[in-house]
Amino acid sequence: MATMNRTPGDLELGPNPQGRIGKAIEIPILENFGLDSQIGPTFLGLWNVAAYVTGGIFTFIWLSVMAMQVNWNPIAFAKYFFVLQIDPPASFYGLSFPPLHQGGWWLISTFFLTISILCWYMHLYTRARTLGIKPYLAYGFTGAIILYLVIYLIRPMWMADWSEAPSHGLKALLDWTNNVSVRYGNFYYNPFHMLSIFFLLGSTVLLAMHAGTIWALEKYAAHEEWDELQAPGTGTERAQLFWRWCMGFNANAYSIHLWAFWFAWLCGVTGAIGVFLSMPDFVNNWFQWGIEAGIAYPQFPQPGQ
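Residues numbered from 1 in each chain as written. Predicted model: local features only at pLDDT ≥ 70, side-chain atom pairs only at ≥ 80, totals over all residues. Heavy atoms only, no water.

Scanning the protein chain for helices and strands turns up ten helices and two strands. Along the protein chain, helices (α) and strands (β) appear in the sequence β-β-α-α-α-α-α-α-α-α-α-α when read from the amino end. A burial count over the protein chain gives 36% of its 305 residues as buried. Within the protein chain, counting contacts between residues at least 6 apart in sequence, those at least 24 apart form 57% of the total. (Helix = DSSP H or I, 4+ residues; strand = E, 2+ residues; numbered from the N terminus. Buried < 20%, exposed > 50% of the residue type's maximum accessible area, 1.4 Å probe, protein only. Contact = heavy atoms within 4.5 Å.)

Below you can see the structure in the form of structure tokens.
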């Protein structure tokens, strides 16, 4: 077995440099789908336990309230699961705490959901630091956290109205997205929505192009990306040549991941900015904004045209 290079982070793990405690579950059939057959073990530290507990409380409240809405009928619960939801308080409550069945359950469940998300971020960050690696996964997760906080907390609190937040439900979140777009003049004219979609599709195509390139060069060991980064071999060299010939510029095993990281992160952040600005205090009608910005044609001819 090859000797593993130790890093300063290994010293914090004691005699077991990989930090694995417990026995993993082996499911060999997963290898037929290109997956690793090993599942676990999972590190159960403070932040991970806190994330699971608070996330479990949110899930319990969410499912229980929706079950109450169908009088605890399991058949009706399964039938209407995708349309059941926990609604936020009505607008006349503002930011006050309403009765449980008039939005109180939404506030309580949102509190635990938020704590769970933040604890999971801390779990990602602390595990990376303990293992001696850079916490880029945690950094990337902040893009989704920012979007979540803007939608569920920051924007409603800025508008002093919890009803501006989405309900907790599968169809409810889609309805909220559509309704906000319609209410504020069509998100197609929201420049930050445009950027968010650009980064969403851009990160998708970057990762697909990268995966296709590495897969095509697997016989040249291009899938051993870390070794290729340290000492470029025929796989990396052929991949870079292919990109130069086809795309006109070079991309290596490091830069393609860096581009994909920023594209994915900016997808959430630009989306958060676009949602936050969609309010009477900033932009009340994105279509009208588009007309004034010169990117949309007026519905009616202007005087002198």
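There's more to say after this.
Bringing the nonpolar core into the picture now. Counting 35 residues, the largest nonpolar core has W62, W106 and V275 as the members making the most contacts within it. For this core, the secondary structure elements donating two or more residues are α1 (46-69), α3 (104-130), α4 (136-158), α5 (170-183) and α9 (255-276). (Core = buried A, V, L, I, M, F, W, Y, C linked by side-chain atoms within 4.5 Å.)

Below, the discussion takes up the UniProt feature "transmembrane region" (unreviewed entry) in the protein chain. The feature "transmembrane region" (unreviewed entry), as given by UniProt, occupies residues 45-65, 103-124, 136-154, 192-217 and 259-279 in the numbering adopted here. The distance separating the terminal C-alpha atoms of residues 103-124 is 32 Å; by composition the span is 95% helix and 0% strand. What you have in residues 192-217 is 96% helix and 0% strand, and the ends, taken at the C-alpha atoms, are 37 Å apart. (UniProt positions renumbered as here; feature names shortened; annotations may be inferred.)

Let us now look at the pattern of salt bridges. Once the charged atoms of two side chains with opposite charge are near each other, the side chains can pair. Scanning the entire structure with this criterion turns up three salt bridges. One salt bridge in this structure joins E164 and R183, with 2.8 Å as the shortest N-O distance. Of this pair, E164 sits in the loop between α4 and α5 while R183 sits in helix α5, and the two are 19 residues apart along the sequence. Accessibility expressed as a relative area gives 6% for E164, which makes it buried. A salt bridge links D175 to K171; the nearest nitrogen and oxygen atoms lie 2.8 Å apart. Taken together, the positions of D175 and K171, both in helix α5 and four residues apart, correspond to about one turn of that helix. What makes K171 partly exposed here is its relative accessible area of 39%. Three or more residues are tied together by salt bridges with common partners; here these are R155, E164 and R183. (Salt bridge = Lys/Arg side-chain N within 4 Å of Asp/Glu carboxyl O.)

Relative to the helices and strands, W120 is located in helix α3. A relative accessible area of 32% means that W120 is categorised as partly exposed. A sequence separation of 73 residues divides W120 from W47, and the C-alpha atoms of the two residues are 6.5 Å apart. In this view, W120 contacts N48, A51 and F141; residues no more than four positions away in its chain are not counted.

This brings us to the packing of aromatic side chains. A full pass over the atoms with the stated rule returns 22 aromatic pairs. For the pair Y136 and F261, a centre-to-centre distance of 6.0 Å together with 75 degrees between the ring planes defines the contact as edge-to-face. Placement of the pair is Y136 in helix α4 and F261 in helix α9, with a sequence separation of 125 residues. With centroids separated by 5.7 Å and ring planes inclined at 70 degrees, the aromatic side chains of W286 and W289 adopt a geometry described as edge-to-face. Placement of the pair is W286 and W289 together in helix α10 (residues 286-293), with a separation of three residues, close to one helical turn. Given the relative accessible area of 30%, W289 is considered partly exposed. Connected via pairs of aromatic rings, a cluster forms that spans F58, W62, F77, F81 and F82. (Phe/Tyr/Trp six-rings, centres within 6.5 Å; stacked < 30°, edge-to-face > 60°.)

Looking at where S196 falls in the secondary structure, it is placed in helix α6 (residues 191-216). The exposure class of S196 is buried, given its relative accessible area of 10%. The spatial distance from the C-alpha of S196 to the C-alpha of C267 is 4.3 Å, given a sequence separation of 71 residues. Other than its neighbours up to four places away in sequence, S196 contacts C267, T270 and G271.

Moving on to the packing of α4 against α9. Across the interface, α4 lies against α9 with an axial gap of 9 Å and an inter-helix angle of 5 degrees. By the angle between their directions, the pair α4 and α9 is classed as roughly parallel. For the pair α4 and α9, the contacting residues are Y136, Y139, G140, T142, G143, I146, L147, V150, I151, I154, R155 and W158 in the first and F261, W265, G268, V269, G271, A272, V275 and F276 in the second. Classifying every residue of the contact of α4 with α9 gives 14 nonpolar, five polar and one charged. (Axes fitted to C-alpha atoms, helices over the stretch in contact; angles between N-to-C directions. Parallel < 35°, antiparallel > 145°, perpendicular 65-115°, else oblique. Nonpolar A, V, L, I, M, F, W, Y, C, P; charged D, E, K, R; others polar.)

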